[in-house]
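Residue-level structural notes
What follows is the residue order along each chain.
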Amino acid sequence: NNKNMKKTRKLKIAAIVSAAVIGILALTLALGLVGFTSSSDYINLDLKKIRFEKSTLIVTDAHGKAIDRESSGLVRLSELNNDTKNAFLAVEDSRFYKHGGVDVKGVLRALAKNISAGKFIEGGSTITQQLIKNTHLSGEKTVRRKANEFLLACQLEKTLSKDEIFEAYLNTAYFGNNCYGIAAASGFYFGKSADKLTLSESATLAGMLRSPNIYAPNKNIEKAKERRDIALNCMLKNGFIDEAAAEKARTQKLSVAEHSPNIYVKSAILEACGILGVTEAQLSRGYKIETYFDAETAKNLEKALRSDNSEYGF
């Protein structure tokens, strides 16, 4: 029947995708063996993109006065509680401390789940690979990019310790709403420093990484809770917490911090990124944006636009 035909078709597609991924893995290894690292396609590992100090992004108005100031807020791994660290390990890479940058076992497990489900439901990228992708590579889905990702991940594992890699990952991951790093995310979503996160809040942040625009708690609290519970189940499955702790976290209310977003500042940041050709994460590392913004003029303009006496009123 049609239902069985659709299921068979999905399984075939999943099998083709899985075979392609395995082929990419094999191709990456082959490229490395034949001297890919000496070709013009190879991207060199740049530790300056991973190791950086605390910095501040400042946006000023027409009079040179700061109208927005954002600190990079780096967090040391030692400052975070175990629940916070374990939430990200459970969701993103439970074998992080066991593999060498690329988790072949994890990739094969993900492929098996995808084939079983008849669709793509899980990836196989490690925390190390994600860090490389976030700091060195573009989002293009090509063999060249994946090859660079694999090779640089393995190289990074030989250069930095596991804790250093994990720390850098947590400080560069994107959590939506212009929040790069767990410090910015914990402050924006929960109004607290990262070292004060509860188990429920930690699971929420770890769970939303797959798609911040969908699972951000300030946008859809119910979907955020769904992802939080999935993260808690991952932690439970990996032995990071027990059922009592998981149940307590599931029933805990998520108190999301309130914000009054400055649309002008956001526009200035996006324009600066376009002019400089950098990401918002890179821009937050010590830039100063000078604008022509004048608070009094903006206030009068808004008042005029909202006035019934204005021809532009609404």
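The notes below deal with the structure included here. (Residues numbered from 1 in each chain as written. Predicted model: local features only at pLDDT ≥ 70, side-chain atom pairs only at ≥ 80, totals over all residues. Heavy atoms only, no water.)

1. Description of the pattern of salt bridges
Under the counting rule described, the total for this entry stands at ten salt bridges. The residue glutamate 243 makes a salt bridge to arginine 250 at a minimum N-O spacing of 3.0 Å. Classification of arginine 250 by relative accessible area gives partly exposed; the value is 21%. For arginine 250, the salt bridge identified is with glutamate 247, shortest N-O distance 2.9 Å. Taken together, the residues arginine 250 and glutamate 247, both in helix α11 (residues 243-250) and three residues apart, mark about one turn of the helix. When salt bridges with common partners are traced through the structure, they connect Arg145, Lys146 and Glu149 into a single cluster. (Salt bridge = Lys/Arg side-chain N within 4 Å of Asp/Glu carboxyl O. Buried < 20%, exposed > 50% of the residue type's maximum accessible area, 1.4 Å probe, protein only. Helix = DSSP H or I, 4+ residues; strand = E, 2+ residues; numbered from the N terminus.)

2. A few points about the nonpolar core
Within the largest apolar cluster, 52 residues are counted, with the highest numbers of intra-cluster contacts made by Phe88, Phe166, Phe175, Ile182, Tyr189 and Leu205. For this core, the secondary-structure elements that each account for two or more residues are α2 (82-92), α4 (127-136), α5 (143-159), α6 (162-172), α7 (182-190), α8 (199-208), α10 (221-237) and α11. Val59, Cys273, Leu283 and Ile289 belong to the second-largest nonpolar core, a separate cluster that totals ten residues. (Core = buried A, V, L, I, M, F, W, Y, C linked by side-chain atoms within 4.5 Å.)

3. Points about the packing of α4 against α5
Interaxial distance between α4 and α5 falls to 9 Å at its minimum, and their mutual angle equals 115°. Accordingly, the angle class assigned to the pair α4 and α5 is roughly perpendicular. α5 is crossed by α4, and the crossing has right-handed handedness. Contact residues: α4 offers Thr128, Gln129, Leu131, Ile132, Lys133 and His136, while α5 offers Arg145, Lys146, Glu149, Phe150, Leu152, Ala153, Leu156 and Glu157. (Axes fitted to C-alpha atoms, helices over the stretch in contact; angles between N-to-C directions. Parallel < 35°, antiparallel > 145°, perpendicular 65-115°, else oblique. Left-handed = near helix turned anticlockwise from the far one by under 90°. Contact = heavy atoms within 4.5 Å.)

4. Description of the environment of lysine 288
Position of lysine 288 among the secondary structure elements: in strand β3 (residues 288-290). Taking relative accessible area as the criterion, lysine 288 reaches 53% and is therefore assigned exposed. Separated by 231 residues in the primary sequence, lysine 288 and leucine 57 have C-alpha atoms spaced 5.8 Å apart. In this structure lysine 288 touches Ile58 and Thr60, once residues within four positions along its chain are discounted.

5. What to know about the environment of lysine 162
By secondary structure assignment, the location of lysine 162 is in helix α6. Residue lysine 162 is classed as buried on the basis of its relative accessible area, which comes to 16%. Along the primary structure lysine 162 and lysine 98 are separated by 64 residues, whereas in three dimensions their C-alpha atoms are 9.6 Å apart. Excluding anything up to four places from it in sequence, lysine 162 contacts Phe96, Tyr97, His99, Gly101 and Glu157. Of the polar contacts made by the side chain of lysine 162, one reaches the backbone oxygen of histidine 99; its length is 2.8 Å. (Polar contact = N/O pair within 3.5 Å; in protein donor to acceptor, adjacent residues only side chain to side chain.)

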